[in-house]
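The primary structure of each chain is shown beneath.
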Amino acid sequence: MRKKVVAGNWKMNMDYTSGITLFSEIINMVNDEVRGDQEVIVCSPFIHLHGLSQYTKDTGKVSIGAQNCHQEASGAYTGEISAGMIKSVGASYVILGHSERRQYFGETNELLAKKADAAITNGLNPIFCVGETLEERNSEKHFEVIKQQLNEGIFHLPANDFSKVIIAYEPVWAIGTGVTASKEQAQEIHAFIRTQIAEKYDTSVAENTSILYGGSCNPKNASELFAQKDIDGGLIGGASLKSRDFTDIIKAFNN
Ligand code: PGA
């Protein structure tokens, strides 16, 4: 059975102290209020990870992750952070291929494939993002774009490594805009992604892969999105910066 997952993506928000405060609130609320076997992940800026890991020791319920890693193991790459370094501070996930990385930092599918390898080699589970722009959707290229992102960015992994991957469908036009994909639009793409996984690997791998929706997901729309057959949770930006909203989104599984 695939896992139900809610992952927060803090992006470049929160100084160290505010991040620690937010995280301790999240831990407390999740411990007190969230039942069941959902997996909760917080992807913070790099500088918070070691501090956050001090809090995750006492609870099995919340994991931490980074939002990017470098593709090389080490070396003269000033300002970069390797997958091994992220792992060494207690993180277990890394977001790869977020549309902001693709758009502002020129990350290509080819580069992302190398980052995925680095993550897997170092024991980090990638949260691999795919999604089309508004222009691509309007010109009916969304299926094609997503298929290419999967094929070139992550489908090179052998099945046993792919089983560690979470896929996030994030339509670029829905990220941070307040415009959410409808449950029908999201379900259609999630089902398409699952079919692609089944064709590349097999149905058992496809059935076991968690596919998250991201893009203006909030406590109000989370339950109807999460109720869709192929939507296994969410990757949450803005609403992950408020402990109450984030926890209410996690609780949406039970509604
Ligand atoms: P949002 O961001 O929830 O603020 O739209 C989602 C994301 O970028 O992961």
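Residues numbered from 1 in each chain as written. Predicted model: local features only at pLDDT ≥ 70, side-chain atom pairs only at ≥ 80, totals over all residues. Heavy atoms only, no water.

K.L.:
Looking at this structure, how should I read the sheet that holds strand β4 (residues 93-96)?
P.N.:
Strands in a sheet are paired, the pairing made by backbone hydrogen bonds, and the direction either parallel or antiparallel. If you walk around this closed barrel you meet the eight strands as β1-β2-β3-β4-β5-β6-β7-β8, and the pairing is parallel. Strand-to-strand, the axes of this sheet are offset by a mean angle of 25 degrees, without reference to chain direction. Relative to strand β5 (residues 125-130), β4 runs parallel, the two being bridged by four bridges. The residue of β5 that forms the bridge with leucine 96 is phenylalanine 128. Each of β2 (39-43) and β3 (62-66) touches helix α1 (residues 16-33); the most contacted strand, β3, lies at about 145 degrees to it. Helix α2 (residues 49-56) rests against β2 and β3 of the sheet, and its axis sits at about 170 degrees to β3. (Pairing = 2+ DSSP bridges. Helix = DSSP H or I, 4+ residues; strand = E, 2+ residues; numbered from the N terminus. Axes fitted to C-alpha atoms, helices over the stretch in contact; angles between N-to-C directions. Contact = heavy atoms within 4.5 Å.)

K.L.:
Looking at this structure, I do not really get the pairing of β2. What am I missing?
P.N.:
Along any regular strand the residues' side chains alternate between the sheet's two faces. Across the five residues of β2, five count as buried, placing the element largely inside the fold. Here β2 shows two buried faces, one formed by Glu39, Ile41 and Cys43 and the other by Val40 and Val42. The sheet contact formed by strand β1 (residues 5-9) and β2 spans five bridges and is parallel. Following the sheet pairing, valine 5 is matched in β2 by glutamate 39. As judged from the four bridges shared by β2 and β3, these two strands associate in the parallel manner. Counted as the bridge partner of cysteine 43 is glycine 65 from β3. Each parallel crossover has a hand, and the one from β2 via α2 to β3 is right-handed. (Buried < 20%, exposed > 50% of the residue type's maximum accessible area, 1.4 Å probe, protein only. Right-handed = clockwise from strand over helix to strand, strands pointing away.)

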